[in-house]
Each structure stands twice: as C-alpha cells, then as structure tokens.
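If you want the building blocks of each chain, they are given just below.
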Amino acid sequence: MTNNQNSTYHTPPYLTIGDTVAITCPAKKLPRDILDAVKLLESWGLNVVLGETVKASWHQFAGTDELRTSDMQRFLDDPNIKAIFAARGGYGTIRIIDRIDFSNFKKHPKWIIGFSDITVLHSHIQAVYKTESIHGQMPLTIADGSSVSLETLRKALFNEALDYKYTSAIKNRSGEANAVLIGGNLTLLVMMAGSVSEQDYAGKILFLEDVGEYLYSLDRMMWNLKRSGKLTNLKGLIVGSFTEMKDNDIPFGQTAEQIIMEHVNEFDFPVCFNFPAGHINDNQALIFGRKVNMLVEEENVSLTYSESQH
C-alpha cells in the first residue's frame, strides 16, 4: 500500500497489462448483457471475471443482499483481482455496505470503480479507510460512453496523466483551489449523513451530480449540506451534470445550477458548472481521495491532478 505524497489517502496499485479485474453488481440488476464492456477491458490487456450477480435477479436487485455481499466480498478478498467494477448503479449498495468486511481491502487496497449509487462505496472507503477510488463509467454505461470518457477511465487505472480543460455554458465563480477531491451523487452523499460512511468535507473540493430528482428535493438536500456545516469550509465546488430534473405543477422557479449557487453565494470558494461527469455519455473519470488543482475563470475551467506515487 502506498501513500499519495500529496495527501493522507492511500493509492491502490495501478493496473498493468495482464491484470485480472472483476465486475459485480452491488445494486440494481442488469437489464442486458455487458459484452461490449468486457471487450473494451480486454482490449486494454485485462482479464475479466464476472460475478454471480451479473446474471442474478431478486426483485429489482442483482440478487439477494446476501449474494451481492458475498460477490463483493469474494473480489475484495481475492489477491488476483486488481480492480472491481460495479456493473451499474440504481439502488441497493447501502443495503449491503455494513455487511462487507473490508479488513483485507485495508491491508491490500484495490481500485473500486463506479458512480451514482456506487457513491456509497466511494464515501465509505474514503471516510473509513482513506483510500482513493474512481468515479467513472460502469459496464452498463460503457456502450454509450464517449471515447473521451472511456479514455480517462483507462488513464486513471493505468496511472497516466489526467487533466481537464473545458468551457462552461453557465457562469462560474472564479478562483483557484488545491485540495483533495471528494463527492459523487448528491442524494447518496446526503444518505450517508450521520453514518460511519460520512466524510469530513472541511478543506476538500466537492464534486456533485444527480439524476431524475425534483428541483425542490435538490434544494432540500442543499439545505441539508448547508445546515450541517458541510459547505462552510469547502475549498471548491465542482458541479457536474444534473440530468432529467423534474418539477412540480407549480414550478420551483430555478434551475439546478441556480439552486446550488444560491446555497453557496455567501462563501468565497471557486465554483464551476457543467463539469463533464455524472449521468451523461461524456462521464469523464475522476479520482476521489486525491489532491487536485482547480483553476476556475468565468467561463474556462481546468482541473489537474497532483502527481501520484507509482
């Protein structure tokens, strides 16, 4: 286990050609096969092992809680498995997080990859084990994933340089920050509140995204973050995609971005919008638990990862 020289978080060993990786479903069941994802990973020189949950079904879940737990446990404990991909999100990871024994993971960390409901795993292993993980495309989303998003995932896994530059269609709040990046799906982060899986937000750069939520619910969740002090000492805020947002018969009156900005208006940390990550085809990979430099201008944004240990 190696410590990243720029933070107190542990960096799992990077992948090399010939490594074996696993795909498991800790949440919702798969609606179709994921052969395209297997082919992509194999094209990167990886061997792919599929968990029992990939074909399992129990109500809306990829098998019972017991099966999803044992599948994840098997791959966490197997020294031959160098990374674990969550096949999809949906709902269900919170049902098994407390059943999983992370003692082997603590001694021998490995990359865990996913987004959306997999925020539960990201938050837990950063809060409890101070270990980096990857927020990025999952096997179910790989078929529709942009070539850029898939390439950022490969770079993250194989320790190649990751940096981002883009122009936001929404006015940002300018500034610069250098801090550890945490975050994920807003709904799931709020669901972690008060549990062992809740992270310390102070001094961090926070990334947020969500999908299919009502605008008033987004406002309510932002109030939760604000009233619990999680926004007070942030170093920066990265707002990803808020897609398929819903409204009531009587409109809420603000966009997702306007709601978020209203809650952070009183603070002075940089805020950028339209970051290419979340429930979109161009869901570019982010390494959580690693220090990043965030440079935000009114329209232009750059994010550069600090050099990691090999």
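The rules behind the values
- Residues numbered from 1 in each chain as written.
- Predicted model: local features only at pLDDT ≥ 70, side-chain atom pairs only at ≥ 80, totals over all residues.
- Heavy atoms only, no water.
- Core = buried A, V, L, I, M, F, W, Y, C linked by side-chain atoms within 4.5 Å.
- Buried < 20%, exposed > 50% of the residue type's maximum accessible area, 1.4 Å probe, protein only.
- Helix = DSSP H or I, 4+ residues; strand = E, 2+ residues; numbered from the N terminus.
- Expected span 1.5 Å × (residues − 1).
- 1 Å grid on protein atoms, 1.4 Å probe; cavity = no way out; pocket = protein on both sides within 12 Å on 5 of 7 lines; lining within 4 Å.
- Points joined across faces, edges and corners; volume = space filled by probe spheres on them.
- Nonpolar A, V, L, I, M, F, W, Y, C, P; charged D, E, K, R; others polar.

(A) Local environment of the nonpolar core. Counting 51 residues, the largest nonpolar core has Ile23, Ile134, Leu157, Leu181, Ile238, Phe275 and Leu286 as its most contacted members. By size, the runner-up hydrophobic cluster in this structure holds 28 residues, among which are Val180, Met221, Ile260 and Phe273.

(B) Just helix α2 (residues 65–77), in detail. In this model α2 runs 18 Å from its N-terminal to its C-terminal C-alpha over 13 residues, within 8% of the 18 Å that 1.5 Å per residue would give. For α2, the set of buried residues is Asp65, Arg68, Thr69, Asp71, Met72, Gln73, Phe75 and Leu76.

(C) Representation of the layout of surface pockets within the structure. Empty space within the largest pocket amounts to approximately 540 Å³. As for the largest pocket, its lining consists of 27 residues, and the residues nearest its centre are Gly90, Phe115, Ser116, Val211 and His279. Elements with a contribution of two residues or more to the lining of the largest pocket: α6 (139–142), α8 (186–191) and β10 (205–211). Counted by class, the lining of the largest pocket contains 9 nonpolar, 11 polar and 7 charged residues.

(D) Representation of unusual backbone geometry. Even without being a glycine, Asn159 presents a positive backbone phi close to 60°. When you line up the elements, Asn159 lands in the loop between α7 (147–157) and β8 (163–167). Owing to a relative accessible area of 22%, Asn159 belongs among the partly exposed residues under this scheme. A positive phi angle, close to 55°, is found at Glu244, a residue other than glycine. Its relative accessible area of 64% is what places Glu244 among the exposed residues.

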